[in-house]
Every structure is written in C-alpha cells, then in structure tokens.
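# Structural overview for review
Read off the chains here:
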Amino acid sequence: MNIPHPTTLRIVLADDHRIVREGIKQIFADTTDIRVVGEAADGHAVLALMAQMNGQIDVLVLDIAMPGQDGLSVLSTLRRSQPRLAILVLSTYPDRQYAVRCLKLGAKGYLNKSADPDDMVQAVLQIGAGGMYV
C-alpha cells in the first residue's frame, strides 16, 4: 500500500557502507514516489550535505553507527537545525531501547536493517507524509 504524496520525496542516504547505500538506492529505484538526491558516508558529511541542501530534503535515511559522528549525534544536531526534516534511523541493533532513544531524540521512524525492502519503502513514504514508523 502506497501512501499518496503530492510530489516525489527527495531523500538522502547516510550509511558508511557503500554496498548498503547501493542496495537501498536499488530498492527505491522501483518506486516513482522516492528519489535519492544525495549520499553521505560519515556523520560530518551528513551534516555538511544537509546544510548544503538547505531544507530541500524531505527524508533522511540515517544509519545509527557511522564514523566521525554517530547517527544519534547527527540526529540531535539536525533536530535543532532542521526541525521539520523527517529522519528514518536504520540500525543493525534489534534492541527496542535504541528505537525509543531515537524517537525521543526526534526521529520519525526506526527500522532494522534486516527488514523487508517493502518495509523500507513504506517507512519512507509514511514519515515523508508526516507520519511515524517503527
């Protein structure tokens, strides 16, 4: 089920593993509702890219474990500078406490990397439309 969205969602992928970013891009290539417009491989690069994009991003898909500055720190920083940005946190950690912590820090969604690709699409569409996804 696709949540209707008036325009294509512009997203940035932030993960330190290129193969993960490529896989996620492939997942989104099958939908016309989502377009990847940027990528970053570490926390500092995410913050620089988001500042450069100057609010033109709808959703940030953010890995929780990244070099330089971890996803939780990036999340906290972006929540202050871009409070309307929808952030979906990706993690290999199945522990619920990480999900709760991310949501308390302002993430709009949390998804384990072992999730089905359809769940990733649904999560991005849902938070891009203003909802939450866990």
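This one's a predicted model, so the numbers in the text were calculated from it and none came from an experiment.

### As for the pairing of strand 5 (residues 109–112)
The pairing of strand 4 (residues 86–91) with strand 5 spans four bridges and is parallel. When the sheet's bridge partners are listed, Leu90 is paired in strand 5 with Leu111. In the classification by handedness, the crossover that spans strand 4, the intervening helix 4 (residues 96–104) and the parallel strand 5 is right-handed.

### Structural notes on the confidence of the model for the protein chain
Reading predicted coordinates in detail is not appropriate for stretches of low pLDDT. Across the protein chain, the average pLDDT comes to 90, with 96% of residues at 70 or higher. Contacts of residues 1–5 to residues separated by more than four positions or lying in other chains number nine contacts, the stretch itself having pLDDT below 50.

### Things to note about the environment of Thr32
Its location among the elements puts Thr32 in the loop between helix 1 (18–29) and strand 2 (34–40). As for Thr32 and Ile11, which are separated by 21 residues in sequence, their C-alpha atoms are 13 Å apart.

### Here we look at the pattern of salt bridges
Summed over all chains, the structure comprises seven salt bridges. In this structure, Asp15 and Lys113 form a salt bridge, with 2.8 Å as the shortest nitrogen-oxygen distance. Note that Asp15 is positioned in the loop between strand 1 (9–14) and helix 1 and Lys113 in the loop between strand 5 and helix 5 (117–128), a separation of 98 residues in sequence. Lys25 serves as the salt-bridge partner of Glu22, at 3.2 Å between the closest nitrogen and oxygen. Taken together, the residues Glu22 and Lys25, both in helix 1 and three residues apart, mark about one turn of the helix. A residue is classified by how much of its surface remains accessible, and Glu22, at 33% relative accessible area, is partly exposed. Among the charged side chains, a network of salt bridges with common partners joins Arg18, Arg21, Glu22, Lys25 and Glu39.

### Re the nonpolar core
Membership of the largest hydrophobic core comes to 24 residues, with the highest contact counts inside it found for Val46, Leu60 and Leu78. Among the secondary structure elements, those contributing two or more residues to this core are strand 1, helix 2 (43–53), strand 3 (59–63), helix 3 (71–81), strand 4 and helix 4. Per-element accounting of this core gives the leading share, five residues, to helix 2. Counting residues in hydrophobic clusters, the runner-up holds 19 residues, among them Val61, Ala86, Val121 and Ile127.

### A short note on the side chain of Ser91
Topologically, Ser91 is positioned in strand 4. Here the side chain of Ser91 touches Tyr110 through a polar contact of 3.2 Å, side chain to side chain.

### A look at the packing of helix 2 against helix 3
Relative orientation of the contacting elements helix 2 and helix 3 amounts to 20 degrees, with a least axis distance of 9 Å. The angle between helix 2 and helix 3 falls in the class roughly parallel. Judged by the twist between their axes, the crossing of helix 2 over helix 3 is right-handed. Contact with helix 2, carried on its side by Gly43, Val46, Leu47 and Met50, involves Val74, Thr77 and Leu78 of helix 3 and no other residues of that element. In the contact of helix 2 with helix 3, the residues fall into five nonpolar, two polar and no charged.

Definitions and cut-offs
Residues numbered from 1 in each chain as written. Predicted model: local features only at pLDDT ≥ 70, side-chain atom pairs only at ≥ 80, totals over all residues. Heavy atoms only, no water. Pairing = 2+ DSSP bridges. Helix = DSSP H or I, 4+ residues; strand = E, 2+ residues; numbered from the N terminus. Right-handed = clockwise from strand over helix to strand, strands pointing away. pLDDT = per-residue confidence, 0-100. Contact = heavy atoms within 4.5 Å. Salt bridge = Lys/Arg side-chain N within 4 Å of Asp/Glu carboxyl O. Buried < 20%, exposed > 50% of the residue type's maximum accessible area, 1.4 Å probe, protein only. Core = buried A, V, L, I, M, F, W, Y, C linked by side-chain atoms within 4.5 Å. Polar contact = N/O pair within 3.5 Å; in protein donor to acceptor, adjacent residues only side chain to side chain. Axes fitted to C-alpha atoms, helices over the stretch in contact; angles between N-to-C directions. Parallel < 35°, antiparallel > 145°, perpendicular 65-115°, else oblique. Left-handed = near helix turned anticlockwise from the far one by under 90°. Nonpolar A, V, L, I, M, F, W, Y, C, P; charged D, E, K, R; others polar.

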